[in-house]
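Here are the chains, one letter per residue:
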Amino acid sequence: MNIKVKKIINKKKKSKIVCLTAYSKNVASILDRYCDLILVGDSLGSVLYNYKSTKEVTLDVMINHSKSVRLGVKKSLMIVDMPYNTYRNPKVALKNAKLVMKKTRCDGVKLEGGKKIISIVKTLVKNKIPVMGHVGILPQTDKKFSFKGKKLRESEKILNDTKLLEKAGAFSIVLECVETKLSKKITEQIKIPTIGIGSSANCDGQVLVIDDLIGMSENKFKFVKKYVDISKIIDGAVKKYKSEVQKKQFPQAKHSFKN
Ligand code: KIV
């Protein structure tokens, strides 16, 4: 088993797993100092391309962003989201996941779903491709984005999906917007780590979209904490640059070449 994957699994019940998304090298190289796992999420579809749904994200786009992220990631486990329709059956999934692994040199892939994708997860794992699961809100296919686990039947289904994913060989599972008590139950009942987004502190680790955390997106989700307003900082710097260019204060002699 990939040593980095093993390290993530071993963290369960010992220390919290720190995860963030990254879509490019410069940001990824900063995150790599602090994260255990960096995810090239297909959330880049909405964050960077204003797509209405992650359904529009293509494999090529994921591969290109992942190649850039790879340049910045030295120590963290790097996982790439398989976009919608690229894992519709085991054969297609294997072909595409192999391509992603080869072109991006990532450590594994993430797939959304439970029972329906079990044969796919098994095929990838059998072919030595580490798989991260993703249950709760499934942005690629869900029509309504409200939290999961309100009703008993839904809770039982999600719990069962996580058990099936574990059995199929997934090394970890993202719980997206899963109700607090249900995320506790899942985390207690499976042996692989749960990584929460909007799923409470009960999970073994946490993930957020980096642009939400640094104030570079318009998203105002309940589960997001904005740690800095980087858009304000960029605004201030660009405003000052504009003023200095207009007033001929920039560039100075030290910024210029002379024979
Ligand atoms: O696409 C993504 O960024 C994700 C995370 C939010 C877990 O799936």
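As shown above, the structure is provided for reference.
Residues numbered from 1 in each chain as written. Predicted model: local features only at pLDDT ≥ 70, side-chain atom pairs only at ≥ 80, totals over all residues. Heavy atoms only, no water.

(A) Representation of the state of the cysteines in the model. Enumeration over the complete set of coordinates arrives at zero disulfides. Residue Cys19 stays outside any disulfide, its sulfur separated by 7.0 Å from that of Cys35, the closest cysteine. (Disulfide = S-S within 2.5 Å.)

(B) Here's a closer look at a nonpolar patch on the surface. A cluster of nonpolar side chains, Met216, Ile234 and Val238, forms an exposed patch at the surface whose accessible area comes to about 260 Å². Relative to the elements of secondary structure, Ile234 occurs in helix α10 (residues 230-246). (Patch = residues over 30% accessible without salt bridge, like charges linked within 9 Å, V, L, I, M, F, W, Y side chains within 5 Å. Areas by Shrake-Rupley, 256 points an atom, 1.4 Å probe, with all protein chains shown as cover. Salt bridge = Lys/Arg side-chain N within 4 Å of Asp/Glu carboxyl O. Helix = DSSP H or I, 4+ residues; strand = E, 2+ residues; numbered from the N terminus.)

(C) How the structure looks around unusual backbone geometry. The omega angle of the peptide bond from Phe250 to Pro251 is 0°, so this bond is cis rather than trans. Tracing the sequence through the fold places Pro251 in the segment after α10. Its identity as a non-glycine residue notwithstanding, Lys13 has a phi of 70°, on the positive side. By the secondary structure assignment, Lys13 is in the loop between α1 (3-10) and β1 (17-21). Owing to a relative accessible area of 75%, Lys13 belongs among the exposed residues under this scheme. Even without being a glycine, Asn85 presents a positive backbone phi close to 75°. Checked against the element boundaries, Asn85 lands in the loop between β3 (77-81) and α5 (90-104). Taking the relative accessible area as the measure of exposure, Asn85 reaches 41% and is therefore partly exposed. (Buried < 20%, exposed > 50% of the residue type's maximum accessible area, 1.4 Å probe, protein only.)

(D) Structural detail: the nonpolar core. Leu37, Val109, Leu111 and Leu124 are the most contacted members of the largest nonpolar core, which totals 68 residues. Leaving out residues up to four positions away in the same chain, Val109 has contacts with Ile79, Val80, Met82, Val100, Met101, Leu124, Ile129, Pro130, Val131 and Met132. (Core = buried A, V, L, I, M, F, W, Y, C linked by side-chain atoms within 4.5 Å. Contact = heavy atoms within 4.5 Å.)

(E) Highlighting the environment of Glu56. Along the polypeptide, Glu56 turns up in the loop between α3 (44-47) and α4 (59-72). C-alpha of Glu56 to C-alpha of Tyr84: the two residues are 28 residues apart in sequence and 7.7 Å apart in space.

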